[in-house]
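For reference, the chains in residue letters:
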Amino acid sequence: MNEKLMALLEQTGYEAYEQGSFTSSKDYPKSFFTIWNFDSMYIEFYENNPMGIARYYWINFYTLNPAVIDIALKKAIELLKKNNWIISQPSIDISTSVKQYSGKQITAIFIEE
């Protein structure tokens, strides 16, 4: 699912990575998404068997240009909704490990049946 989500986010024109995948030897792009699958759970049981899986993701957008944050997230949200993702939280500010970057996060859920 991670690869599918990253490919979907990259349709916005920005690169996407798994959170924590950068090393000190790799330069950060000017603007990019990261994803983190922070929870998954079985849902809708029938005869003690799960009928689906809910996958919960934090989707972060980081940039050197704060003016593009809301535009990039709006594109991502529209694309995610068109592909059956549920956006369960509006964007919130997030801290970054590199002072020059600004960031925001949304929470998205995908239901696998």
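Before going into details, it helps to say that this report is about the structure given with it. The structure displayed is predicted, hence computed values, not measured ones.

**A look at the environment of Lys-30**
Item 1. Mapping Lys-30 onto the fold places it in the loop between β1 (15-18) and β2 (31-46).
Item 2. Look at Lys-30 and you get exposed, because its relative accessible area is 65%.
Item 3. Taking the C-alpha atoms as reference points, Lys-30 and Leu-64, 34 residues apart in sequence, are found 5.6 Å from one another.
Item 4. Those residues within four positions of Lys-30 in sequence are excluded, and the remaining contacts are Tyr-62, Thr-63, Leu-64 and Tyr-101.

**A word on the nonpolar core**
Item 1. In terms of nonpolar packing, the biggest core is built from 21 residues, with Leu-5, Leu-9, Phe-33, Ile-59, Leu-80 and Trp-85 touching the most fellow members.
Item 2. At the level of elements, α1 (2-10), β2, β3 (49-63), α2 (69-82) and β5 (102-112) are the ones that each hand at least two residues to this core.
Item 3. A per-element tally of this core places α2 first, with six residues.
Item 4. Once you skip the residues sitting within four places of it in the chain, Leu-80 turns out to touch Leu-5, Leu-8, Leu-9, Ile-59, Trp-85, Ile-87 and Ile-106.
Item 5. Phe-22, Phe-32, Tyr-62 and Tyr-101 belong to the second largest nonpolar core, which has six residues in total.

**Let's talk about the sheet that holds β3**
Item 1. Across the sheet, five strands lie side by side as β1-β2-β3-β5-β4; this open sheet has mixed pairing. The open sheet has two edge strands, β1 and β4 (86-94), and neither has a second partner. In this sheet, neighbouring strand axes are inclined to one another by 25 degrees on average, regardless of whether the strands run parallel or antiparallel.
Item 2. For β1 and β2, the ladder comprises four bridges, and the chain directions are parallel. If you follow Glu-18 over to β2, its bridge partner there is Ile-35.

**Re the pattern of salt bridges**
Item 1. Applying the stated criterion to the full structure yields two salt bridges.
Item 2. The residue Arg-55 makes a salt bridge to Glu-112 at a minimum N-O spacing of 2.3 Å. Placement of the pair is Arg-55 in strand β3 and Glu-112 in strand β5, with a sequence separation of 57 residues.
Item 3. Taking the relative accessible area as the measure of exposure, Glu-112 reaches 25% and is therefore partly exposed.
Item 4. The salt bridge partner of Asp-70 is Lys-104, with a shortest N-O separation of 3.1 Å. With Asp-70 in helix α2 and Lys-104 in strand β5, the pair connects residues that are 34 residues apart, well separated along the chain.

**A short note on unusual backbone geometry**
Item 1. A positive phi is found at Asn-48, a non-glycine position, where the angle reads about 65 degrees.
Item 2. Tracing the sequence through the fold places Asn-48 in the loop between β2 and β3.
Item 3. You can call Asn-48 exposed: its relative accessible area is 73%.
Item 4. Despite not being glycine, Asn-84 shows a phi value in the positive range, around 70 degrees.
Item 5. Mapping Asn-84 onto the fold places it in the loop between α2 and β4.

Rules of the game
- Residues numbered from 1 in each chain as written.
- Predicted model: local features only at pLDDT ≥ 70, side-chain atom pairs only at ≥ 80, totals over all residues.
- Heavy atoms only, no water.
- Helix = DSSP H or I, 4+ residues; strand = E, 2+ residues; numbered from the N terminus.
- Buried < 20%, exposed > 50% of the residue type's maximum accessible area, 1.4 Å probe, protein only.
- Contact = heavy atoms within 4.5 Å.
- Core = buried A, V, L, I, M, F, W, Y, C linked by side-chain atoms within 4.5 Å.
- Pairing = 2+ DSSP bridges.
- Axes fitted to C-alpha atoms, helices over the stretch in contact; angles between N-to-C directions.
- Salt bridge = Lys/Arg side-chain N within 4 Å of Asp/Glu carboxyl O.

By themselves, these figures tell us nothing about what the structure is for.
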